[in-house]
Amino acid sequence: MFIKISYAKNDDGTKRCTYEIVKSYREKGNKNPTHKVISNITHLPESIRSKIALLLKAPKSRIIEDFENFFQKSYNYGDCLFLYQMVKRYKIYKTFDELPEKSKRIITAAIISRILSPRSKLSSVSFMRDNALHKLIAAEPEKIHVNQIYKAMDVFYKYSEKIFQKIYKQNSNDNKLLLYDITSIYFEGLGPEDLAKLGYSRDKRPDAVQIILLLCLNEKGFPIYFDIREGNTQDKKTVVSVLKEIEKNIKIKETIFVGDRGMISVPNISHLESEEIDYILALTHTEMRGIVYEQGIDIDLFDK
């Protein structure tokens, strides 16, 4: 069946349009189809005729009376689910087993939120509410609050040492390349009392106190070592402690230390020599001799 539209002229010369529901069939022995009028729907509004036309084309469909309120709110799902599965596949989620289940889910959601849309803790709450993250952590959108993130982070900090040890152990096998670097984070306010200091600002904010972040990754991009230092810590003063920490947590048979100029100092070179660690430095032989003379170190150490 379908809607047949017929046109005719009125006595005054104007056109009139007729809408009829017709059924098409073939009589025996007749090659041409015959139309049987089922109903005249000319008197119905255009909106109703359009719905009838859709129903005739798809008999199994149905009319939605309250169309404006039919659709529920939709959420972005694919990107959140992908990262959630990656967190589980690479056992990052498992390293949070020390945490209560609620804190474990909130921390995971905060990490995913940070990857997809870096923003403040408060703003990340809106992000979690507006996509599928709240579904993944089994929380009602209106019940997600920034204080939950802060509480989860406090719990995480309490167990951070055990969590980091799990991460070190989990990612310490067959490491061939370790990438170590330093960055800083400045504060508009006072920052943490024991750590926030004025120092070399990578953000071009020498007026703001900062902290120093140390991070060492393996070739897969997983953290091997992490630490926070005072904001006035020089890059070169972190090398020895980082090397000792890596040596303690990761068994590496052969090591070649590659360092830029910011990592070079006589104590660092002496430590490399004493531990019999090979190294490649971003200094010419003349520059290295200059450092040695300034510190009054025996030049024979570098004339091997």
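Everything numeric here is computed off the predicted structure, so don't read it as measured data.

## Comments concerning helix α3 (residues 101–116)
Inference 1: The end-to-end C-alpha distance of α3, which contains 16 residues, comes to 23 Å, matching closely the 22 Å that a straight helix rising 1.5 Å per residue would cover.
Inference 2: Buried residues of α3: S103, K104, I106, I107, T108, A109, I112 and S113, and no others.
Inference 3: Check the buried side of α3 and you find it contacts α2 (78–89), α4 (121–130), α5 (133–136) and α6 (146–158).

## Some remarks on the environment of T14
Inference 1: Tracing the backbone through its elements, the reader meets T14 in the loop between β1 (2–9) and β2 (15–25).
Inference 2: Only 2.7 Å separates the side chain of T14 from the side chain of D12, close enough to count as a polar contact.

## Overview of the pattern of salt bridges
Inference 1: By the definition in use, this model includes nine salt bridges.
Inference 2: Between R49 and E46 there is a salt bridge, with its nearest N and O atoms 2.8 Å apart. Of this pair, R49 and E46 both sit in helix α1 (residues 46–57), three residues apart, roughly one helical turn.
Inference 3: Judged by relative accessible area, R49 falls into the buried class, the value being 11%.

## What to know about the pairing of strand β6 (residues 223–230)
Inference 1: The pairing of strand β5 (residues 210–218) with β6 spans seven bridges and is antiparallel. Considered in β6, the bridge of L215 is made with F226.

## Topic: the sheet that holds β2
Inference 1: Spatially, three strands are ordered β1-β2-β3 in an open sheet, and the strand pairing comes out antiparallel. Each edge of the sheet is formed by a strand with only one pairing partner; in this case those strands are β1 and β3 (34–40). Looking at each pair of strands side by side, their axes are set apart by 50° on average, direction ignored.
Inference 2: Each of β1 and β2 touches α1; the most contacted strand, β1, lies at about 135° to it.

## Some words on unusual backbone geometry
Inference 1: You will see that K204, though not glycine, has its phi angle at about 60°, which is positive.
Inference 2: Relative to the elements of secondary structure, K204 occurs in the loop between β4 (178–186) and β5.

## Comments concerning the layout of surface pockets
Inference 1: The volume enclosed by the largest pocket comes to roughly 1,900 Å³.
Inference 2: In this structure, the largest pocket is lined by 43 residues; those nearest its centre are I111, M153, F156, F164 and F226.
Inference 3: For the lining of the largest pocket, the element with the most residues is helix α7 (residues 160–170), which contributes seven residues.
Inference 4: Its residues assigned to classes, the lining of the largest pocket shows 26 nonpolar, nine polar and eight charged.

## Some points on the confidence of the model for the protein
Inference 1: Summarising the model, the protein shows a mean pLDDT of 80, and 86% of its residues fall at 70 or more.
Inference 2: The spread of mean pLDDT over the elements of the protein runs between helix α10 (residues 285–295), the lowest at 60, and α6, the highest at 89.

## A few points about the side chain of K104
Inference 1: Its place among the elements puts K104 in helix α3.
Inference 2: Only 2.6 Å separates the side chain of K104 from the side chain of D97, close enough to count as a polar contact.
Inference 3: Among residues more than four places away in sequence, those in contact with K104 are Y93, F96, D97 and L99.

## Some thoughts on the pairing of β2
Inference 1: When β1 meets β2, the two strands line up antiparallel, connected through eight bridges. Across the sheet, S6 pairs through a bridge with T18, a residue of β2.
Inference 2: Hairpin connection, β1 to β2: the antiparallel pair is bridged by five residues, and G13 has positive phi, about 90°.
Inference 3: In the sheet, β2 pairs with β3 via six bridges, with the strands oriented antiparallel. Bridging from a neighbouring strand, S24 pairs with H35 of β3.

## Description of the sheet that holds β4
Inference 1: Read across the open sheet, the three strands follow the order β4-β5-β6; overall the sheet is antiparallel. The two strands at the open ends of the sheet, each matched to only one other strand, are β4 and β6. Neighbour to neighbour, the strand axes of the sheet diverge by 15° on average, direction disregarded.

## Concerning the packing of aromatic side chains
Inference 1: Enumeration over the complete set of coordinates arrives at four aromatic pairs.
Inference 2: Aromatic pair F164 and F226: ring centres 5.6 Å apart, planes at 50°, arrangement tilted. One end of the pair, F164, is in helix α7; the other, F226, is in strand β6, and 62 residues separate them in sequence.
Inference 3: Take F226: its relative accessible area is 32%, and that puts it in the partly exposed class.
Inference 4: Connected via pairs of aromatic rings, a cluster forms that spans F96, F156, F164 and F226.
Inference 5: Taking NZ or CZ as reference, R49 lies 3.9 Å from the ring centre of Y19, over its face.

Procedures and definitions
Residues numbered from 1 in each chain as written. Predicted model: local features only at pLDDT ≥ 70, side-chain atom pairs only at ≥ 80, totals over all residues. Heavy atoms only, no water. Helix = DSSP H or I, 4+ residues; strand = E, 2+ residues; numbered from the N terminus. Expected span 1.5 Å × (residues − 1). Buried < 20%, exposed > 50% of the residue type's maximum accessible area, 1.4 Å probe, protein only. Contact = heavy atoms within 4.5 Å. Polar contact = N/O pair within 3.5 Å; in protein donor to acceptor, adjacent residues only side chain to side chain. Salt bridge = Lys/Arg side-chain N within 4 Å of Asp/Glu carboxyl O. Pairing = 2+ DSSP bridges. Axes fitted to C-alpha atoms, helices over the stretch in contact; angles between N-to-C directions. 1 Å grid on protein atoms, 1.4 Å probe; cavity = no way out; pocket = protein on both sides within 12 Å on 5 of 7 lines; lining within 4 Å. Points joined across faces, edges and corners; volume = space filled by probe spheres on them. Nonpolar A, V, L, I, M, F, W, Y, C, P; charged D, E, K, R; others polar. pLDDT = per-residue confidence, 0-100. Phe/Tyr/Trp six-rings, centres within 6.5 Å; stacked < 30°, edge-to-face > 60°. Lys NZ or Arg CZ within 6 Å of the ring centre and 35° of its normal.

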